Each structure stands twice: as C-alpha cells, then as structure tokens.
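Next come the chains, spelled out residue by residue.
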There are 2 protein chains.
Amino acid sequence: MKGKVAVIGVGMIKFGELFEKSLENMIQEAYLNCLKSVDKGIDPKEIKAAWFGQWSGGYIGQGSQSGATLASMIGNLDIPVTRLENACPTGGDTFRHACLGVASGLYDVVLALGAEKMRDKPSAESMMAAGGGGADTGWHPSWMLGQGGPVIQAMHAVRQMHDFGYTMEDFARVAVKNHLNGTLCPFAHFQFKVSIEQVLNSPSICWPLHLLDCCPQTDGAAAAIVCRADIAKRYTDKPIFVLGTNVGIDHSQLWDRNSFVEQPATVKAGKGAFKMAGIKPADVDFAELHDCFTNTELLNIEDLGFARKGEAAGMLKEGQFDRNGSRPINPSGGLKAHGHPIGATGLGQILEVVTQLREEAGGRQVKLKNGIGLQHNIGGPAFGVSAVNILSRTS
Amino acid sequence: MKGKVAVIGVGMIKFGELFEKSLENMIQEAYLNCLKSVDKGIDPKEIKAAWFGQWSGGYIGQGSQSGATLASMIGNLDIPVTRLENACPTGGDTFRHACLGVASGLYDVVLALGAEKMRDKPSAESMMAAGGGGADTGWHPSWMLGQGGPVIQAMHAVRQMHDFGYTMEDFARVAVKNHLNGTLCPFAHFQFKVSIEQVLNSPSICWPLHLLDCCPQTDGAAAAIVCRADIAKRYTDKPIFVLGTNVGIDHSQLWDRNSFVEQPATVKAGKGAFKMAGIKPADVDFAELHDCFTNTELLNIEDLGFARKGEAAGMLKEGQFDRNGSRPINPSGGLKAHGHPIGATGLGQILEVVTQLREEAGGRQVKLKNGIGLQHNIGGPAFGVSAVNILSRTS
C-alpha cells in the first residue's frame, strides 16, 4: 500500500439532525464538496469505481441499498459501485476499499462515500439501532440481552475504574476536550463547550456513563477521492499518501473477551496498519479516534499504543491530547461533537486527517512533526470490528 | 487482473429450504467444503482476508451483519473481514472483491463467502423482500409501486414478445433446459424435470410469467478461495485463473430505461469484463447466467453478446444452449434449479464454472474448447446492478 495510493480530495456536509435532507440530498452535497476540494480540478468522469458505506439502510427499515443508490446520486452509471457495511467502522472500511481498488491496478481514481440517516425513525427504534451498535439478532444475543453500545461501554468503564482508578471526572475530561475542539469545526453537529460539572450532572444513561459521555445520534455524509500516488500531482499540489489501512476483528460475544480494559479489534487493526506503514505509534502526530463514548477514547488511546494501559487518563489531564498538546487526539471534536452517522463517520475523520496534514485546519490546526495522522473506528457486535487508516504528507 | 489471481478452492452446500440450519451452520458447512476442495491442502491460517456477501440480514429483519459474523463462524479473528451487499449480484461482487484484495498486493490468499437465509420469515415478508429485488424504499419508489422482480421481468417479457415475437413457450424452454441440467447437480434445490406444458399450466405469477418461469426462494451458502496466480500451484494442480471481473450499473428507475429488451447493467458489466480479459464473447465456452426468471436468461444471453437481439430464443430451440450444445448456458441448472440465496448465488455459479473448467462436473460436464467460462448476476432496483466474472484454465 505504502507509496501506492494518495488522497486528492475530501468533502463532507455539516453533520446534524437533518430532517430536511434525504439520504440522497446528503450524498450529493458531500460528493460535490469532495469534487470541489480537488484544487487543480477533476473531471467526474475520471472516477473509475466507487464504494458506498451505508449501515442503517436495512437495519432501521429504510430498505436495502446497493451500489446503484450512490451511482444514481452522483450521476455516474458507467462505473462499478459497491455498498459495504462493517458496523461502526463502515466509513473507515469504505476508505480502505477505495485504497484496495487503486492498489489492485484496476482503477486509477476512485471514490469512497458514506452517508447515513439516523434520525428519521421513531426514536425508540433509532435508539435500539444505536444501542444494538451493529449487533445482529441471529447467533449473537447481545442485542437481545440489551447489550447496546452504552451498556457494553459502561461495563468497560467500570473495569477501567476498578483496574486503573479512572474516575467519572477522567471520562468527562474527554468530553470537555472534544467539545472544545468541536467549537472550531464547521462540520460538527454540536458546537458548544461543556464543563466537567455539566457532564457529571447530565442524566445517567448507564452508570457510570452520562448523557454527555455519549456521542449524539446524527445524520451525515462524507467522501474522499483517492488515486494512484504517481498521478496525484495532476489533481492537487498537496496529495496525502496512504501508508497503512486495516480492519481488525474480535469475538462477537462479550463472554469470549478476556479483558474489559482492552478492545482486541482495535489492537489488531492498529498493529496491522502500523506494520503496513512501517512506523510506530510514536511516529503519529495526531489521531482521530472513535470516541462514541468518553471512556472509549481512553481505551482507544491505549489500544493503539499512544499510552500504556492505565496511563491515558493521566496524560489527558496533563493536556497531552489537547489540540496544542504533544499528541492531539480528536482535533476535529470527534464523534462527541460530530455525532456518528455510521457510514459517514470514518470518512469525516479522514477529511480531518487530510485537512490537518495539509495544514488547512485554521483555528483547530495541530502542529505537525512527522506529518503523519491516524484515523480509527471501533464497533459492531461486542465491539468486535475496528478500522485504522494511517495517512502521511510524504509517500 | 489477468494473470494475477487464481481460484484454488470452491465449496457450497446443497441449496434448499433449510429450516434446520442457521445462517451460521450454512457458513461453516460451505467454508469447510471449500477448504476440503483445495486438493493439495491449505492451512486455514494462510487465508489473510475475507469478504462476506450477505444481503437479507437487515432487510428482512435478521439484524445487521458485519464482517465479524463470518470471522466468528470460520474461527479466524486475525484477518480483516468485510460484509458487502450489492443487491442480487452480491455473490458475484463478493468474488470480485476477493480478487481485488489479492491484486492489491496486500493479501496472498483470501476467502469470498456468501450466505443467505431466505425462508425463515413469514412468507408475506419473504415474498416482499424477493419482490423488492434489492430495491430500497427511499428515493426509489419501485418497491412501493409493487415493482418487484416478477413484475419488472414480466414487463420485459411482454416487450420481448412484442419486439421479437418470443412466446411463452420460448420462455418455458429455458425452464425445461435448466431443470434438466439441475437433475445432475447435487447442490440444486429442485432436482426434477419440467415440460413446456407443466410450465405453461403452472399458476400465473405476473402475466406472461408462470410459477415455473420463476426461480424458487432458497437458503444457501457458497465460497471460493483465491490467491496470487504465481503461488496457486502450491495449493492445487488445477488452478483456475481470473481473467476479468466487473460490476455494471444502470438507472434505479424503470422510467429512465430506454429499452425493455436490454438490461444495460449487464451490457456494461460484460463489456468491462471482456475488455479486462482481452477476449470476445465468442471465446467463452459456457456460462452461468442469472436466470431468476426464464425470460431473463434470454435477455442475458443477448446482453452479453452470445446471441444477437431477438435471436436467443431461436438458438435455444435449436439446442445451442443445451449442455451438449455449442455454448451451454447454465449447465448447473442455474437459479431455476438452485434457487437464489442472494449472497450465495454468485459464488455457487463460480463453483460451477471452476468445476466445469477442471472437467470435474461428472454427468453434467460440458465440452471445453478455449477453457473459458463466465459467471453473471443481475438485479437490484429496476435491475440496475450486474456482476460478471470470467475464468480460464490458463492465465
């Protein structure tokens, strides 16, 4: 992968509760923003294949979606388009498939686009879908046991408190940092600050997690155009190169897990991506990590090797993960501020990584040293699916 | 693609109304059959990535499926696994993704597996899902207009009758041929012969299509292992090479179609695959074509260039598409005899193509000249998605 694939354009829409926009409206808007972002210009006909990340279609009753949905909406029926779904990492895996497509040698320029309507359903059903967290109702009983996202992460949080002495204040500090960053990101669903007190005083969702420890339910769409690295300069003066891309899998059942202070899917996705990239966690300047819940961000930081187990909360308190810290985590505001429109989430994170690496992030720009950023998702039944993509200014 | 990727193993289960088997049972059985088919043996750990073709999960209420479902069932949590869905061509596109994965250079040996439970739901819902034919309920109103598979294909059949003088007997002849072939295939759901009279006397589903013009609703699973062509001989003395793989897309709305005697998705998928393979339709010895309805097989034969428009029915009557004809079509018995467990269908066809090219098809073996076979799917909203894979004994 290294040196083979580059990102030449990224685009998204402002995430939010978008009752006034259809899935199709959102797809078109993200696509047009993505095309416009290619600074030397691109003829849409140069895009030779596409992948559509979309999770909720079948699950919350919006009907099955195929590649034809995306093809119709971008007005290009002359290319192969495939829909894929991999639970909460759908967006990150959609980006990976675009990279595989280019690396295969079959397509020089391709599109990855994710879009999700999470709010157009009765809230009970919508919450259930979110609660199910990509779980299925077949062999995996987690959904039937009420083991949705908040419940599973609350169990992790309790164990983090028990094993490491983490506190609810530590978790709340993730929300404080990410919402502050989110006030500077024009695409974030929520653009307000929160205090530790506000988080702790917000309603309890599943002890020890409060409402403000959870990311919101959100509609959104995001896209990226990737191409052969050796032709990227035709399209942009600032191509961003893909160093590593991977998906990690773990058990679909909580009872098979050995630990609740580690999520093996993330560990595996990270290790594979770092190996492919030929770098170490220490080489990464900043990262967009899947903070669906505040405690999850601390798990992710440790699982990816940015902190030793039990040390992330202390480093957070010291400000190391702040926007101007030694390794900013979620400079965009993360899922906490953006929400989590599943198929779109990972591609929105890719947009942030690319924007930061191009030093075009304005008020939320982080300092770059090696010019390397990382994107991460985790989710699915028992949080058994993860995606990691590593991007760089140099190939 | 040409010369890069080879099939080293294929496996499936007997398709049918499998109330006694879960989705997971079917996955495991197809996977084990696939492993066993690798004649020089393979350590399952050599498989480095997998793709899971599964359509109905979300759509008919079985919950969302991610890559973790397949990973759990094959007992391998150490590789990236992605679920994909592309309407009725899900199986063919799953195979394509396995090929892309190998061609990308990231994975030497990978698995494509498709599985579908179509019968475990109340029949009204199941029929609706089948009727919807992969249509969604958002922007595409075909499902809401009652434009399911039989309805859409009946409109094509009427136009084939009007433009070409095709008759209900011509359509019935497809059923006669394919059911005869199916009696020789151990994996077929239905293993009985039918006569033209039986087809014409079976209940009308949507004029001019009768019950026996339609493929059955069926449960099933099928798989293939593909690897780098240059290492294929480690695993088998009879590798089968992938010459071309493509997906074609067309409008998602019937009102955008210019013709009802052509399905542009198939035309596009075929043209791209033939170009990639560097061959012409005339070079193909035999093909497994998506005969979800009898008239559809005639459309497919013409759309892929095996007959000129309006000539397929006559060539069929002459026996050219029979198992011992000049270009056998659906020697396995096709969807007519196998049924159509969506994610599995395309991979079941791949198994037939590989088995025939290895000359291991026993009583249903076709004569080979160039040693090239083709697999084809069509479906989705307004039949706007198609997949074509071209396989060969030589690279």
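Residues numbered from 1 in each chain as written. Chains lettered and ligands numbered in written order. Predicted model: local features only at pLDDT ≥ 70, side-chain atom pairs only at ≥ 80, totals over all residues.

**A few points about the overall build of chain A**
Heads up, the condition is: Numbering goes from the N terminus for both helices and strands, where a helix is a DSSP run of H or I of at least four residues and a strand is a run of E of at least two. Here a residue counts as buried when 20 or more other C-beta atoms sit within 10 Å of its C-beta, as exposed when there are 12 or fewer, and as partly exposed otherwise, the C-beta atoms being derived from the backbone.
Helix and strand content of chain A: 13 helices and 11 strands. C-alpha atoms of chain A, sized along the principal axes, occupy 55 × 45 × 40 Å. Within chain A, the proportion of its 395 residues that are buried is 65%.

**Concerning the confidence of the model for chain A**
Here is the rule we go by: One confidence number per residue, pLDDT, is output by the predictor and ranges from 0 to 100. Residue pairs qualify as contacts under a 7 Å threshold applied to their C-beta atoms, which are placed from the backbone.
With 91% of its residues at a pLDDT of 70 or more, chain A has an overall mean of 92. A low-confidence stretch, residues 58-62 of chain A stays under pLDDT 50, and its non-local contacts, those more than four residues away or across chains, total 19 contacts.

**Structural notes on the environment of Leu 200 of chain B**
Residue and element names in this part refer to chain B. Following the sequence through the fold, Leu 200 ends up in helix α8 (residues 196-201). Judged by the 18 C-beta atoms lying within 10 Å of it, Leu 200 falls in the partly exposed class. Taking the C-alpha atoms as reference, Leu 200 lies 8.8 Å from Leu 211; in sequence the two are 11 residues apart. Aside from chain neighbours lying at most four places away, what touches Leu 200 is Met 168, Ala 172 and His 210.

**Some remarks on the environment of Leu 113 of chain A**
Residues and elements named next belong to chain A. You can see Leu 113 is positioned in strand β4 (residues 109-116). Residue class for Leu 113 comes out buried when judged on the 32 C-beta atoms lying within 10 Å of it. Along the sequence, Leu 113 and Gly 11 sit 102 residues apart, while their C-alpha atoms lie 9.2 Å from each other. Those residues in contact with Leu 113 that lie beyond four places of it in its chain are Ile 27, Ala 30, Tyr 31, Ala 50, Phe 52, Leu 70, Ala 221 and Ala 223.

**Regarding the nonpolar core**
Spelled out, the test is: To count as a nonpolar core, a set of buried Ala, Val, Leu, Ile, Met, Phe, Trp, Tyr and Cys residues must be joined through C-beta atoms within 7 Å.
The biggest cluster of nonpolar side chains holds 254 residues, and the ones touching the most others in it are Val 226 of chain A together with Leu 113 and Val 226 of chain B. Apart from residues no more than four positions distant in its own chain, Val 226 of chain A is found in contact with Val 5, Ala 6, Val 7, Ile 8, Ala 98, Cys 99, Val 102, Val 110, Ala 112 and Val 242 of chain A.

**Overview of the packing of helix α6 (residues 149-164) of chain B against helix α10 (residues 294-303) of chain B**
Residues and elements named next belong to chain B. Selection criterion: Lines fitted to C-alpha atoms define the axes here, with helix axes fitted over just the stretch in contact, and angles between the N-to-C directions of these axes take values from 0 to 180 degrees. Helix crossings fall into two classes, left-handed where the near helix is turned counterclockwise from the far one by less than a right angle and right-handed where it is turned clockwise. For this classification, the nonpolar set comprises Ala, Val, Leu, Ile, Met, Phe, Trp, Tyr, Cys and Pro, the charged set comprises Asp, Glu, Lys and Arg, and every other residue, Gly included, is treated as polar.
Between α6 and α10, whose axes approach to 9 Å, the crossing angle comes to 65°. In this structure, α6 meets α10 at a crossing whose hand is left-handed. Listed contacts from α10 to Gln 153, His 156, Ala 157 and Gln 160 of α6 are Asn 295, Thr 296, Leu 298 and Leu 299. When its residues are assigned to classes, the contact of α6 with α10 shows 3 nonpolar, 5 polar and no charged.

**Regarding the pairing of strand β10 (residues 372-379) of chain A**
On any regular strand, side chains alternate: one points to one face of the sheet, the next to the other face. Residue and element names in this part refer to chain A. What counts is decided by this rule: One requirement defines pairing of two strands: DSSP has to find at least two bridges between them.
Most of β10 sits inside the fold, with 8 of its 8 residues counted as buried. Burial of the side chains of β10 extends over both faces: Ile 372, Leu 374, His 376 and Ile 378 are buried on one face and Gly 373, Gln 375, Asn 377 and Gly 379 on the other. As paired strands, strand β9 (residues 286-288) and β10 are joined by 3 bridges and run parallel to one another. The residue of β10 that forms the bridge with Ala 287 is Leu 374. Bridging between β10 and strand β11 (residues 385-392) involves 8 bridges; their strand directions are antiparallel. Across the sheet, His 376 pairs through a bridge with Val 388, a residue of β11. In this antiparallel pair of consecutive strands, β10 and β11, the connection spans 5 residues, and Gly 380 shows a positive phi of 85°.

**Concerning the environment of Pro 331 of chain A**
When you line up the elements, Pro 331 of chain A lands in the loop between α11 (312-317) and α12 (334-338). For the pair Pro 331 of chain A and Pro 203 of chain A, spaced 128 residues apart in the sequence, the C-alpha separation amounts to 26 Å.

**A look at helix α9 (residues 264-277) of chain B**
Residues and elements named next belong to chain B. We count it as follows: To estimate the expected span of a helix, subtract one from its residue number and multiply by 1.5 Å.
For α9, built from 14 residues, the straight-helix expectation of 20 Å at 1.5 Å per residue is met to within 8% by its first-to-last C-alpha distance of 20 Å. Among the 14 residues in α9, 10 count as buried, and that is most of the element. Residues of α9 that are buried: Pro 264, Ala 265, Thr 266, Lys 268, Ala 269, Gly 270, Gly 272, Ala 273, Phe 274 and Ala 277. Buried positions along α9 lie against β8 (240-249), α10, β10 (372-379) and β11 (385-392). In the stretch just after α9, Gly 278 is the one whose phi turns positive, near 70°.

**Examining the pairing of strand β3 (residues 81-85) of chain B**
The buried fraction of β3 of chain B amounts to 5 of the 5 residues, a majority that puts the element mostly inside the structure. Here β3 of chain B shows no split at all, with Val 81, Arg 83 and Glu 85 of chain B on one side and Thr 82 and Leu 84 of chain B on the other all buried. Judged from the 3 bridges that link them, strand β3 (residues 81-85) of chain A and β3 of chain B form a sheet pairing that is antiparallel. Each bridged residue has a counterpart across the sheet, and for Arg 83 of chain A the counterpart in β3 of chain B is Glu 85 of chain B. Direction of pairing for strand β2 (residues 49-53) of chain B relative to β3 of chain B: parallel, over a ladder of 4 bridges. Directly across from Phe 52 of chain B, in β3 of chain B, lies its bridge partner Arg 83 of chain B.

**Some thoughts on α6 of chain B**
Spacing of three or four residues puts side chains on the same side of an α-helix, whose turn is 3.6 residues. Residue and element names in this part refer to chain B. Filter applied, for reference: This arc is built from the directions going out from the helix axis to the C-beta atoms.
Its 16 residues give α6 an end-to-end C-alpha distance of 22 Å, which sits within 8% of 22 Å, the value for a rise of 1.5 Å per residue. Those residues of α6 that fall on the buried side of the exposure criterion are Gly 149, Pro 150, Ile 152, Gln 153, His 156, Ala 157 and Gln 160. Looking straight down α6, one finds that the buried residues subtend no more than 160° of arc, so they occupy a single side. Where α6 terminates, the next one or two residues include Gly 165, which has phi positive at roughly 75°.

**Quick word on unusual backbone geometry**
Residues and elements named next belong to chain A. The omega torsion of the bond from Trp 207 to Pro 208 falls at 10°, within 30 degrees of zero and hence cis. As for its placement among the helices and strands, Pro 208 is situated in the loop between β5 (204-206) and β6 (209-210). The phi torsion at Phe 383 lies on the positive side, around 55°, for a residue other than glycine. Its location among the elements puts Phe 383 in the loop between β10 and β11. With 32 C-beta atoms packed within 10 Å, Phe 383 lands in the buried category.

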